[in-house]
Amino acid sequence: MTNVATLDSPAVTTAKPKHYRPATELVHIETSTDPTGGPGSTVRDPYNAASVPIYQSATFKQPGAHGSGEYDYSRSGNPTRSHVESHLAKIMRAQRAFVVSSGMSALDVILRLVKAGEEIIAGDDLYGGTNRLLGYLSQYNGVVTRHVDTTEPLAVMEALNPEKTRIVLLETPTNPLIKIADISAIADLVHQQCPRALVVVDNTMMSPYLQKPLMLGADIVYHSGTKYLSGHHDLMAGVIGAKTQATAEQLYFVINATGCGLSPFDSWLLLRGVKTLAVRMEKQQDNARQIAEFLINQGFRVHYPGNPAHPQYELHKRLSSGPGAVLSFETGSTEVSERIVEATKLWGISVSFGCVNSLISMPCQMSHASIPAHVRQERALPEDLIRLCVGIEDPQDLLEDLENALHEAGALPRKSLG
Ligand SMILES: Cc1ncc(COP(=O)(O)O)c(C=O)c1O
Ligand SMILES: N[C@@H](CCSC[C@H](N)C(=O)O)C(=O)O
């Protein structure tokens, strides 16, 4: 059934997988010893291995001169990669999923669906690397991005151009200001006004455990698999979910043509990580709620969708099943923020998030440093912003370490805002 040289990728089935509750679904990997795959399974394992094997092979021998084997070359398809892709398709409620070498490479694959002269609409608060890639397309490929406030569906609507808009790219919550975009309302508007446009959601901060954008009207969802999906900062990966077979085929073509499919070993690591997503996310989120509450009580301006004072608290509750474990806060002084970051002992000073360890960073100097200072200023990204990515440690230790750092930096006591 495979046609690796052109559009279709190997090991694909149209069978509908059985759905369980989220924590069960993450652990339960469907395989079959049936040579035809079996119901709900896209990948067969002749030996019934309890852990999906790593097919560390670049090529696959063919049954004859005309090829026709299910796999021929790992750039085009690999059984370990197929396993994780079919598992993630089920979890994201996607028609098809693809795993690639990083979150940025997932976005790169998606953006290749846009031709010169067409336009992208994206947020004005978004990950620095995303901003950089969009800037590159504008400079070298003739694809302009209009940055708007995606917390306002009307702002998106006003930027839509039925002839030109090809992609509306949403991050929700945004990195690092944790703003929320109404995926459903925006998807409805876009589909009515620009039937050719695709609504693409970067769901990295939520993971499919907390939010499923394809069920909210998005056409494509992607994640940095480097973050929650793998959970241990021991690999780089990108995960794409497509709502329709037609979109999936276009994406697969680019992945095969450019060669960014995830390696067998990293596919295996990603699959192992995904199984514990529910327990990690529940614990990290629980810890994050406590940290946010502590900071709010100290009078800091905290950005966290679990905070009832967050301007889109109710909207986020409608879109997702939880606030997640990334928050940011302002201190009022870049120097004070630097001192806080450097005074922590348990919180690692590091970019990225979604790891079992807690991390602290200053976005303007780290993850978002590639956005020029004047653009950061125009977009009101505070230079003193501290981002916290909460891990699975004992929350009391995290709170004590943070409180000590705040004292050491001279950031406490502050007047409580109540
Ligand atoms: C929201 C968001 N999307 C995408 C990416 C890109 O992912 P990766 O680092 O895996 O390329 C990142 C971070 O790097 C991110 O924070
Ligand atoms: N030097 C890197 C910075 C990566 S930031 C990773 C992550 N998305 C985050 O928000 O912390 C780069 O230039 O991309």
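Everything numeric here is computed off the predicted structure, so don't read it as measured data. (Residues numbered from 1 in each chain as written. Chains lettered and ligands numbered in written order. Predicted model: local features only at pLDDT ≥ 70, side-chain atom pairs only at ≥ 80, totals over all residues. Heavy atoms only, no water.)

What about the pairing of strand β7 (residues 238–242)?
Part 1 of the reasoning: With five of its five residues buried, β7 lies for the most part within the structure.
Part 2 of the reasoning: In this structure, strand β6 (residues 220–224) lies alongside β7, joined through five bridges in antiparallel fashion. What sits directly across from H223, in β7, is V239. (Buried < 20%, exposed > 50% of the residue type's maximum accessible area, 1.4 Å probe, protein only. Helix = DSSP H or I, 4+ residues; strand = E, 2+ residues; numbered from the N terminus. Pairing = 2+ DSSP bridges.)

Remarks on a negative patch on the surface
Part 1 of the reasoning: A surface patch of negative charge is lined by D394, D397, E400 and E403.
Part 2 of the reasoning: The residue E400 is located in helix α14 (residues 395–408) in this model.
Part 3 of the reasoning: The partly exposed category is assigned to E400, whose relative accessible area is 41%. (Patch = residues over 30% accessible without salt bridge, like charges linked within 9 Å, V, L, I, M, F, W, Y side chains within 5 Å. Areas by Shrake-Rupley, 256 points an atom, 1.4 Å probe, with all protein chains shown as cover. Salt bridge = Lys/Arg side-chain N within 4 Å of Asp/Glu carboxyl O. Lys, Arg positive; Asp, Glu negative; His and termini not counted. Charge placed at Lys NZ, Arg CZ, Asp CG, Glu CD.)

Quick notes on the domain arrangement of the protein
Part 1 of the reasoning: Partitioning the protein into structural domains gives domain 1 (22–274) and domain 2 (277–408).
Part 2 of the reasoning: Placing a centre on the C-alpha atoms of domain 1 and another on those of domain 2 gives a separation of 26 Å.
Part 3 of the reasoning: Between domain 1 and domain 2, the residue contacts involve 41 residues of the former and 43 residues of the latter.
Part 4 of the reasoning: Between domain 1 and domain 2, a total of about 3300 Å² is buried, with carbon and sulfur atoms accounting for 62% of that surface. (Domains from an automatic or database assignment. Contact = heavy atoms within 4.5 Å. Buried area = accessible area lost by both parts, 1.4 Å probe.)

Observations regarding the environment of E25
Part 1 of the reasoning: By the element assignment, E25 lies in helix α1 (residues 22–27).
Part 2 of the reasoning: In this structure E25 comes out as buried when scored by relative accessible area, which is 3%.
Part 3 of the reasoning: One polar contact links the side chain of E25 to the main-chain amide nitrogen of Y20, over a distance of 2.9 Å. (Polar contact = N/O pair within 3.5 Å; in protein donor to acceptor, adjacent residues only side chain to side chain.)

Digging into the site of ligand 2
Part 1 of the reasoning: Near ligand 2, the surroundings consist of Y127, R132, N175, K227, V351, S352, S367 and R387.
Part 2 of the reasoning: Interatomic distance of 2.6 Å between a side-chain N/O atom of R387 and an oxygen atom of ligand 2.
Part 3 of the reasoning: For ligand 2, whose free accessible area comes to 390 Å², the fraction covered by protein is 70%.
Part 4 of the reasoning: Of the residues assigned to the shell around ligand 2, the class counts are two nonpolar, three polar and three charged. (Near = heavy atom within 4 Å. Nonpolar A, V, L, I, M, F, W, Y, C, P; charged D, E, K, R; others polar.)

Observations concerning the packing of helix α2 (residues 79–92) against helix α9 (residues 264–274)
Packed helices, taken two at a time, are described by the angle between their axes plus the distance between the axes.
Part 1 of the reasoning: Here α2 crosses α9 at 35 degrees, and the two axes come no closer than 8 Å. The handedness of the crossing between α2 and α9 is left-handed. On α9, the residues that touch T80, R81, H83, V84, H87, L88 and I91 of α2 are P264, S267, W268, L270, L271 and V274.
Part 2 of the reasoning: The class makeup of the residues in the contact of α2 with α9 is eight nonpolar, four polar and one charged. (Axes fitted to C-alpha atoms, helices over the stretch in contact; angles between N-to-C directions. Left-handed = near helix turned anticlockwise from the far one by under 90°.)

A word on the site of ligand 1
Part 1 of the reasoning: In the vicinity of ligand 1 lie 13 residues, with M104, D202, S224, T226 and K227 positioned nearest.
Part 2 of the reasoning: In the model, an oxygen atom of ligand 1 is placed 2.9 Å from a nitrogen or oxygen of the G103 main chain.
Part 3 of the reasoning: A distance of 2.7 Å separates an oxygen atom of ligand 1 from a polar side-chain atom of S224.
Part 4 of the reasoning: Calculation on ligand 1 without its partners gives an accessible area of 380 Å², and the protein chains cover 91% of this total.

Regarding the pattern of salt bridges
Part 1 of the reasoning: Summed over all chains, the structure comprises seven salt bridges.
Part 2 of the reasoning: Residue E119 pairs with R146 through a salt bridge whose shortest N-O separation is 2.9 Å. On the criterion of sequence distance, the pair formed by E119 in strand β2 (residues 119–123) and R146 in strand β3 (residues 144–148) is long-range, its members being 27 residues apart.

So, the nonpolar core
Part 1 of the reasoning: Judged by nonpolar contacts, the single largest core of 86 residues is most densely connected at L88, L270, L295, L388 and L406.
Part 2 of the reasoning: If you count residues domain by domain, this core takes at least three from each of domain 1 (22–274) and domain 2 (277–408).
Part 3 of the reasoning: Filtering out sequence-adjacent residues up to four positions away, L406 remains in contact with F294, L295, F300, F329, I340, A411 and L412.
Part 4 of the reasoning: Residues L107, L169, I240 and L251 belong to the second largest nonpolar core, which totals 30 residues. (Core = buried A, V, L, I, M, F, W, Y, C linked by side-chain atoms within 4.5 Å.)

Considering the packing of aromatic side chains
Part 1 of the reasoning: Within the structure shown, the criterion is met by six aromatic pairs.
Part 2 of the reasoning: Geometry around Y20 places K18 over its ring, the cationic atom sitting 4.7 Å from the centre.
Part 3 of the reasoning: The side chain of K227 reaches across the aromatic face of F353, ending 5.2 Å from its centre. (Phe/Tyr/Trp six-rings, centres within 6.5 Å; stacked < 30°, edge-to-face > 60°. Lys NZ or Arg CZ within 6 Å of the ring centre and 35° of its normal.)

Some remarks on the sheet that holds β3
By definition, the strands of a sheet pair up through backbone hydrogen bonds, in either a parallel or an antiparallel sense.
Part 1 of the reasoning: Here we have seven strands laid out as an open sheet, ordered β1-β7-β6-β5-β4-β2-β3, and mixed in their pairing. Strands at the two margins of the open sheet, each flanked by one partner only, are β1 (96–100) and β3. Averaged over all adjacent pairs, the angle separating strand axes in this sheet is 20 degrees, with direction ignored.
Part 2 of the reasoning: Of the strand pairs in this sheet, β2 and strand β4 (residues 165–171) are connected by four bridges, and their pairing is parallel. Bridge pairing in β4 places E119 opposite T165.

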